[in-house]
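# Examination of the molecular architecture
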Protein chains: 2
Amino acid sequence: MRTRRERERAERKRLIVTAARRVAEAEGWNAVTTRRLSAEAECSQPVLYSHFKGKEAVAAAVAVQGFAELATVLRAARRGTHDDRDALAAVREAYTRFARRRPALCDAMFTLTVDLPFAAADAPAALQAAFGELRQAVAPMAADGDDIGLLTETCWAVLHGLASLTRNGRLLEKAHDRRLTLLVSHFAA
Amino acid sequence: MRTRRERERAERKRLIVTAARRVAEAEGWNAVTTRRLSAEAECSQPVLYSHFKGKEAVAAAVAVQGFAELATVLRAARRGTHDDRDALAAVREAYTRFARRRPALCDAMFTLTVDLPFAAADAPAALQAAFGELRQAVAPMAADGDDIGLLTETCWAVLHGLASLTRNGRLLEKAHDRRLTLLVSHFAA
DNA sequence: TCCTGTCGCTAGCACCGCTAGCAATCAAGT
DNA sequence: ACTTGATTGCTAGCGGTGCTAGCGACAGGA
């Protein structure tokens, strides 16, 4: 009996997170309100607040889901190739596709939540997994003496910069690949 | 008399924008409310709404101010050097410093407002000016046949990616320069 | 002097994030 | 078996939000 209650509670918590993700992807994060989420999860607001500290905590949970999904996407892309250079290119493309297909998820991961520990050791596992996938794709390209972590961060920043400016309408989408090509060919001189 | 009224109205509009910027820089955009802005500008809310379509429009006005300021900062950096390569490096550093010193302004420019036309011909002059400054620093580095606009966009995306991840706590600030160095030395292979 | 139109104000709507305080339900003790 | 204690979810409400309707004051023309 006790365990059933706990199971039902956990299930409702899951419902809240998936509802947040669904509403955000369908109507944007402005449409995500605690009232709306409680309604979608068929419970009252205080129940939501018993699971999460606040609205931001729900968004953080969605963000963690997003990192988990990004990790699996990147892993699949890397494993679909054999050459190191192809692997990095595939990971680049997978990142771009992810950002294009899941803009609301990216908002949660990179814009909304500030409370997630990132560069720390207690960062969520999904987050470390996503970063690890990128690192594995970047590492073979490192030269001797390079700090691979730093190189991975840099690569991440580049992909994020292009994707985020495109996602917010600052850059036109169609030339994305040409920009990446320019980047690869141009930043040594 | 008629002109005095118009002058006073324009002055109050300016007051609202500067209040928004001041509050955002001091306490973050969450503290920027229409009531707060009307209070700071010593008028009522409907007056604010007679000047701006809504809260987002005020943020957009602040963002345009931000682009104007960024343009002057980049211009000063570029003009302080003579060699083309030094100029690009100076512009890079100026961009980073701007992002670090004016985080709230960057939020308005890159995160909050989506209604500003960017890649279009009717983009605000300040915005085109900032982009033009970056273009002038990037252009000398272009190879034959390069699309300079595209190259500028790419450079902008890189700077933005690094700055935005750092600003939101995703990257640790201290290694920023080393990341830029890695970037410049590594992305051709 | 009266009228007309412009202007800014007060007051209020619907909604937000969040919480206090109560009713219902279950586990355990006598 | 009945009470007791705690746990759980609910209704109702607080202060605050973006935004607007509708009214009163004031300038300019007849």
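Residue indices follow the written sequence of each chain, beginning from 1 at its first position. Chain A is the first chain written and ligand 1 is the first ligand written, with later ones labelled in order. Per-residue local features of the predicted model are confined to residues with pLDDT of at least 70, and side-chain atom pairs are confined, for both listing and counting, to 80 or more; whole-chain, interface and lining totals are unaffected and use all residues. Water and hydrogen atoms play no part in the side-chain values, which are based on all heavy atoms of the structure.

## Let's talk about the protein's contact with DNA strand C
In this text, near means that some heavy atom of the residue lies within 4 Å of the molecule or strand in question. The immediate surroundings of DNA strand C are formed by 16 residues, with Met1, Gln45 and Tyr49 of chain A together with Arg9 and Ser44 of chain B found nearest. Near the protein, meaning within 4 Å, the atoms of DNA strand C are sugar or phosphate in a fraction of 53%, with bases accounting for the rest. Under this definition, polar contacts are N or O atom pairs within 3.5 Å; protein pairs additionally need one hydrogen-donor-capable and one acceptor-capable atom, and for neighbouring residues in sequence, both atoms have to be side-chain atoms. With respect to DNA strand C, the side chain of glutamine 45 of chain A contributes an N or O atom lying 2.6 Å from a base nitrogen. Here arginine 9 of chain B contributes a side-chain N or O atom positioned 2.6 Å from a phosphate oxygen of DNA strand C. Within the residue set of the surface near DNA strand C, elements represented by two or more residues are helix H2 (34–40) and helix H3 (45–51) of chain A together with helix H1 (2–27) and helix H3 (45–51) of chain B. Numbering goes from the N terminus for both helices and strands, where a helix is a DSSP run of H or I of at least four residues and a strand is a run of E of at least two. Among the elements that take part in the surface near DNA strand C, H3 of chain A stands out by supplying 3 residues, more than any other. When residue character is reported, Ala, Val, Leu, Ile, Met, Phe, Trp, Tyr, Cys and Pro are called nonpolar, Asp, Glu, Lys and Arg charged, and the others, Gly included, polar. The residue makeup of the surface near DNA strand C, split by class, is 6 nonpolar, 5 polar and 5 charged.

## Focus on the protein's contact with DNA strand D
Taken together, 17 residues are adjacent to DNA strand D, and Arg9 and Ser44 of chain A together with Gln45, Tyr49 and Lys55 of chain B come closest. What you see for DNA strand D is that sugar and phosphate hold 56% of its atoms within 4 Å of the protein. Measuring from a base nitrogen of DNA strand D, one finds a side-chain N or O atom of arginine 35 of chain B at 3.0 Å. Contact distances for DNA strand D include 2.8 Å between a phosphate oxygen and a backbone N or O atom of lysine 55 of chain B. Those elements giving two or more residues to the surface near DNA strand D turn out to be helix H1 (2–27) and H3 of chain A together with helix H2 (34–40) and H3 of chain B. Examining the composition of the surface near DNA strand D, we find that 3 residues originate from one element, H3 of chain B, more than from any other. The residue inventory of the surface near DNA strand D, partitioned by class, reads 7 nonpolar, 5 polar and 5 charged.

## So, the domain arrangement of chain A
Residue and element names in this part refer to chain A. Per the domain assignment, the segments of chain A are domain 1 (1–52) and domain 2 (56–186). Segment limits for the domains were obtained from an automatic or database-derived domain assignment. Taking only C-alpha atoms, the centre of domain 1 and the centre of domain 2 are 28 Å apart. With 11 residues of domain 1 at the contact, the number on the domain 2 side is 13 residues. Values labelled buried area give the accessible surface lost by two parts on being combined, using a 1.4 Å probe and summing over both. The junction of domain 1 with domain 2 conceals about 1,000 Å² of combined surface from both sides, 73% of it contributed by carbon and sulfur atoms. Salt bridge, as used here, is a side-chain nitrogen of Lys or Arg placed within 4 Å of a carboxyl oxygen of Asp or Glu. In this assembly, domain 1 and domain 2 are joined by 2 salt bridges. For arginine 102, the salt bridge goes to glutamate 25, with nearest N and O atoms at 3.8 Å. Our count for the contact surface shared by domain 1 and domain 2 stands at 3 residue pairs in polar contact (both at pLDDT 80 or more). It is H1 that provides the largest number of residues to the side of domain 1 that touches domain 2, a total of 7 residues. Residues belonging to the side of domain 1 that touches domain 2 are distributed by class as follows: 8 nonpolar, 1 polar and 2 charged. In what follows, a contact means two residues having at least one pair of non-hydrogen atoms within 4.5 Å.

## Points about the relation of the copies chain A and chain B
It takes a turn of 179 degrees to lay chain A on chain B, together with a shift of 0.0 Å along the axis; the resulting RMSD is 0.1 Å. Within this description, the copies of the chain are treated as partners about a two-fold rotation axis. Within chain A, glycine 161 of chain A has its C-alpha nearest the rotation axis, a separation of 1.8 Å. Copies are brought into register by a least-squares superposition over C-alpha atoms of residues with pLDDT of at least 70 in both.

## Topic: the packing of helix H4 (residues 55–79) of chain A against helix H5 (residues 84–101) of chain A
Residues and elements named next belong to chain A. Axis lines are fitted to C-alpha atoms, over the contacting stretch for helices. Their N-to-C directions set the angle, which ranges from 0 to 180 degrees. It is the contact of H4 with H5, at a shortest axis distance of 8 Å, that shows an interaxial angle of 145 degrees. H5 is crossed by H4, and the crossing has right-handed handedness. Contact residues: Gly66, Glu69, Leu70, Val73, Leu74, Ala77 and Arg78 in H4; Ala87, Ala90, Val91, Ala94, Tyr95 and Phe98 in H5. Partitioned by chemical class, the residues of the contact of H4 with H5 number 10 nonpolar, 1 polar and 2 charged. For any pair of crossing helices, the crossing counts as left-handed if the nearer helix is rotated counterclockwise from the farther one by less than a right angle, and right-handed if it is rotated clockwise.

## Thoughts on the packing of aromatic side chains
Aromatic ring pairs are reported here in terms of the distance separating the ring centres and the angle at which the planes meet. All names here are of chain A. Aromatic pairs are defined between Phe, Tyr and Trp rings, using the six-membered ring for Trp, whenever the two ring centres lie within 6.5 Å; interplanar angles under 30 degrees are classed as stacked, those over 60 as edge-to-face, and all others as tilted. Under the definition given, this model contains 10 aromatic pairs over all chains. Ring plane angle 75 degrees and centroid distance 6.2 Å describe the contact between phenylalanine 131 and tryptophan 156, whose orientation is recorded as edge-to-face. Taken together, the residues phenylalanine 131 in helix H7 (residues 125–138) and tryptophan 156 in helix H8 (residues 148–167) connect sequence positions 25 residues apart. Any Lys NZ or Arg CZ that is within 6 Å of a ring centre and within 35 degrees of that ring's normal is treated as a charge sitting over the ring. We note lysine 13 situated over the ring of phenylalanine 52; from NZ or CZ to the ring centre the distance is 5.3 Å.

## Describing the pattern of salt bridges
All names here are of chain B. For the structure on display, the rule yields 30 salt bridges over all chains. A salt bridge links arginine 14 to glutamate 11, with the shortest nitrogen-to-oxygen separation between them at 3.1 Å. With a gap of 3 residues between them, arginine 14 and glutamate 11 both fall in helix H1, about one helical turn apart. A simple rule labels every residue: compare its accessible area, found with a 1.4 Å probe on the protein chains alone, to the largest value its type can have, and call it buried under 20%, exposed over 50%, or partly exposed in between. For glutamate 11, a relative accessible area of 36% puts it in the partly exposed group. Among the ionic pairs, glutamate 69 bridges to arginine 21, the shortest N-O distance being 2.7 Å. Separated by 48 residues along the polypeptide, glutamate 69 in helix H4 (residues 55–79) and arginine 21 in helix H1 bring together distant segments of the chain. The pair formed by glutamate 69 and arginine 21 is uniform in burial state, with each residue classed as buried.

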